[in-house]
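Remarks on the overall topology
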Amino acid sequence: MMGEIKDRVCEHVDRMETALREVSASIHANPELKFEERMASEILASRLRDAGFEVALGAANMETAIIAEHPSVSPGLTVAILGEYDALPEIGHACGHNLIAAAALGACAALSAVKAELPGKLLFLGTPAEEGGGGKVIMIEAGVFDDVDIAMMFHPASHTIVDRGSLAITEVRIEFTGKPAHASGSPEKGINALDAVIQTFNGINALRQHIEDGARIHGIIDNGGAKPNIVPEFASAVFYVRAAETAYRDELLDKLERCAQGAALATGATLSFQPVGHSYKAMKPNRALGEAFVRNLVTLGEPLCPPGDRSMGSTDMGDVSQVVPAIHPYLRICGEDVAGHSREFAAASISEAGQKAMLVAAKAMAMTAVDVWTDADLAARIARVFAEE
Ligand SMILES: [Zn+2]
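A few points on the structure. The residue numbering used here restarts from 1 in each chain and proceeds along that chain's sequence as written. Reporting of local features is limited, given that this is a predicted model, to residues whose pLDDT is at least 70; pairs of side-chain atoms are given and counted only at 80 or more, and all residues count toward the totals for whole chains, interfaces and linings. To get the side-chain values, all heavy atoms of the structure are used, and hydrogens and water are removed first.

**Topic: the overall build of the protein chain**
- Counting from the N terminus, the helices are DSSP H or I runs at least four residues long and the strands are E runs at least two residues long. Counting secondary structure elements, the protein chain contains twelve helices and twelve strands.
- For the protein chain, whose C-alpha radius of gyration is 23 Å, the value lies close to the compact-globule estimate of 21 Å for 389 residues.
- In terms of its C-alpha atoms, the protein chain occupies a principal-axis envelope of roughly 85 × 40 × 40 Å.
- When the 389 residues of the protein chain are sorted by exposure, 54% land in the buried category.
- Between two residues, a contact is recorded if the distance between any of their heavy atoms is within 4.5 Å. When contacts within the protein chain are restricted to residue pairs at least 6 apart in sequence, those whose partners lie at least 24 apart make up 79%.
- Per-residue and other accessible areas follow the Shrake-Rupley method at a 1.4 Å probe size, with only the shown protein chains counted as cover for residues. Accessible surface for the protein chain amounts to roughly 16100 Å². Of this, 51% is attributable to carbon and sulfur atoms. Our radius of gyration looks at C-alpha atoms and nothing else; its globule reference is 2.2 Å times the residue count to the power 0.38. Burial classification: accessible surface area is computed with a 1.4 Å probe over protein chains only, and a residue below 20% of its type maximum counts as buried, one above 50% as exposed, and the rest as partly exposed.

Shown next, in the form of structure tokens:
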């Protein structure tokens, strides 16, 4: 019976193919930045209403967040399928979130057709601003995930890997205030804030040899003074600090602060060290849920890439995975030579391979939801793995 429901779900995705391709193409053609995804969220909200969902657009105090609930609810697990739809400045949908949105819509609309025969509750969650705004973090804080049992989404990539993690990330702003003086006439009267920023970089570069593999500290100087003949009174830098473990990220943050304090001491400049912007936790992919997803991918004939050392980014799905069992699988849409956040990746996100991966992801997520609702052993394993890890 379970196999039969899965077949019907897949047939439903096939029937929606043209519509789903159109949704992903229109979001791709109109890239909207974090928290401004008005067109994308409206398209998704209207398609979800058409599929019978009760839709709240503007959820969790974010204009472009969506909570859509399928009205057929019975005792059982609440499964949330997540869609992202924000783009990047200048390079558009270079992270392929148009495909993520269409796949989540496809999975939910397909499940809608069979939901009356299944237990539990089905949610589509439209999560804004993955690129630096942390829409999911805001939704967690608003309690959106309080009664969610399972969360899943898919992400396009240059490889098909289900259980790759993500790095915890914090953004830090470092500002130094010194004292201006004529850089040639009276340099001894000045305190050079730019030197303090440069000493901070030097300290971090010395630290780099002694940090764990895979951790990342990378920054830019966004203010380095006004003119060469004025000792810089103010200088600032922005850093991202990332690590596979949230606790190690916090340890690195302390070390980064000490590098900046040392630079302040050495130069006499005054330091302001502030975590700002987004801070995401590391992804804790649920192994049992991931295995179910892999079995469905295999059924669909999607080849998996060999596991190996893969570099990782960061995502607010990491925060979700810390509060509920979750997966964030990657499906291949381009060659390994294409970098994420590049113009080539933006092109891949509207390519035939991209659209095909979106349809496979919609099917695999819907099939995995059917597994979760109909296989009590799997549901128990997912909960056990979540509690243990
Ligand atoms: Zn992304």
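What follows picks up the thread again.
**Considering the coordination of the zinc ion**
- Any nitrogen, oxygen or sulfur atom within 2.8 Å of a metal ion counts as a donor, with the limit raised to 3.2 Å for Na, K and Ca, and since water is left out, coordination shells can look unfinished. The coordination sphere of the zinc ion, as far as protein atoms go, consists of Cys-95 (SG), His-97 (NE2) and His-155 (NE2), spread over 2.2 Å.
- Between consecutive donors of the zinc ion, the numbers of intervening residues give the motif C-x1-H-x57-H. Of this pair, His-97 sits in helix 4 (residues 97-112) while His-155 sits in strand 6 (residues 155-157); the two residues are 58 residues apart in sequence, bridging distant segments of the chain.
- Under the relative-accessibility criterion, His-155 is labelled buried at 8%.

**A short note on the packing of helix 3 (residues 38-50) against helix 4**
- Relative to each other, helix 3 and helix 4 sit at 10°, their axes nearing to 10 Å. The orientation of helix 3 relative to helix 4 falls into the category roughly parallel. Contacts between helix 3 and helix 4 involve Leu-44, Arg-47 and Leu-48 from the first element and Ala-101, Leu-105 and Cys-108 from the second.
- In this count, Pro and Cys sit with the nonpolar residues alongside Ala, Val, Leu, Ile, Met, Phe, Trp and Tyr, while Asp, Glu, Lys and Arg are called charged and the others, Gly among them, polar. Considered class by class, the residues forming the contact of helix 3 with helix 4 number five nonpolar, no polar and one charged. Working convention: axes come from line fits to C-alpha atoms, limited for helices to the stretch in contact. Angles between N-to-C directions cover 0 to 180 degrees. The cut-offs work like this: below 35 degrees is roughly parallel, past 145 is roughly antiparallel, 65 to 115 is roughly perpendicular, and the gaps in between are oblique.

**Digging into the packing of aromatic side chains**
- By convention, a stacked pair of Phe, Tyr or Trp rings (six-membered ring in the case of Trp) has centres within 6.5 Å and planes under 30 degrees apart, an edge-to-face pair has planes over 60 apart, and any other such pair is tilted. Per the counting criterion, the structure on display carries one aromatic pair.
- Here the basic side chain of Lys-115 rests over the ring of Trp-373, its NZ or CZ set 5.0 Å away from the ring centre.
- In this arrangement the basic side chain of Lys-284 is found over the ring face of Phe-386, its NZ or CZ atom lying 4.0 Å from the centre. Charges are assigned to positions over rings by a cutoff of 6 Å between ring centre and Lys NZ or Arg CZ, combined with an angular limit of 35 degrees from the ring normal.

**Structural notes on the sheet that holds strand 7 (residues 168-177)**
- In space, the four strands of this open sheet follow the order 8-9-7-10, with antiparallel pairing throughout. The open sheet has two edge strands, strand 8 (216-223) and strand 10 (270-280), and neither has a second partner. Mean inter-strand twist for the sheet, computed between neighbouring axes without regard to direction, equals 20°.
- In the sheet, strand 8 pairs with strand 9 (residues 234-243) via seven bridges, with the strands oriented antiparallel. Within strand 9, the residue paired with His-218 across the bridge is Tyr-240.
- The strands touched by helix 6 (residues 193-207) are strand 7, strand 8 and strand 9; relative to strand 9, the strand with the most contacts, the crossing angle is about 20°.
- Sheet contacts for helix 7 (residues 246-267): strand 7, strand 8, strand 9 and strand 10; angle to strand 7, the most-contacted strand, approximately 10°. Paired strands are those between which DSSP finds at least two bridges.

**Description of the state of the cysteines**
- When two cysteine sulfur atoms are found within 2.5 Å, that pair is recorded as a disulfide. What the rule picks out here adds up to zero disulfides.
- Lacking any disulfide linkage, Cys-108 is separated from the closest cysteine sulfur, that of Cys-10, by 14 Å.
- According to the relative accessible area criterion, Cys-108 is buried, its value standing at 0%.

**Overview of the packing of helix 2 (residues 17-29) against helix 11 (residues 352-374)**
- Packing of helix 2 against helix 11 leaves a shortest axis separation of 10 Å and a crossing angle of 120°. Classed by the angle they form, the pair helix 2 and helix 11 counts as oblique. Seen along the crossing, helix 2 lies across helix 11 with a hand that is right-handed. Across from Glu-17, Leu-20, Arg-21, Ser-24 and Ala-25 in helix 2, the residues of helix 11 making contact are Glu-352, Gln-355, Lys-356, Met-358 and Leu-359.
- Its residues assigned to classes, the contact of helix 2 with helix 11 shows four nonpolar, two polar and four charged. Note on convention: the crossing is left-handed when the near helix lies turned anticlockwise from the far helix by less than a right angle, right-handed when the turn is clockwise.

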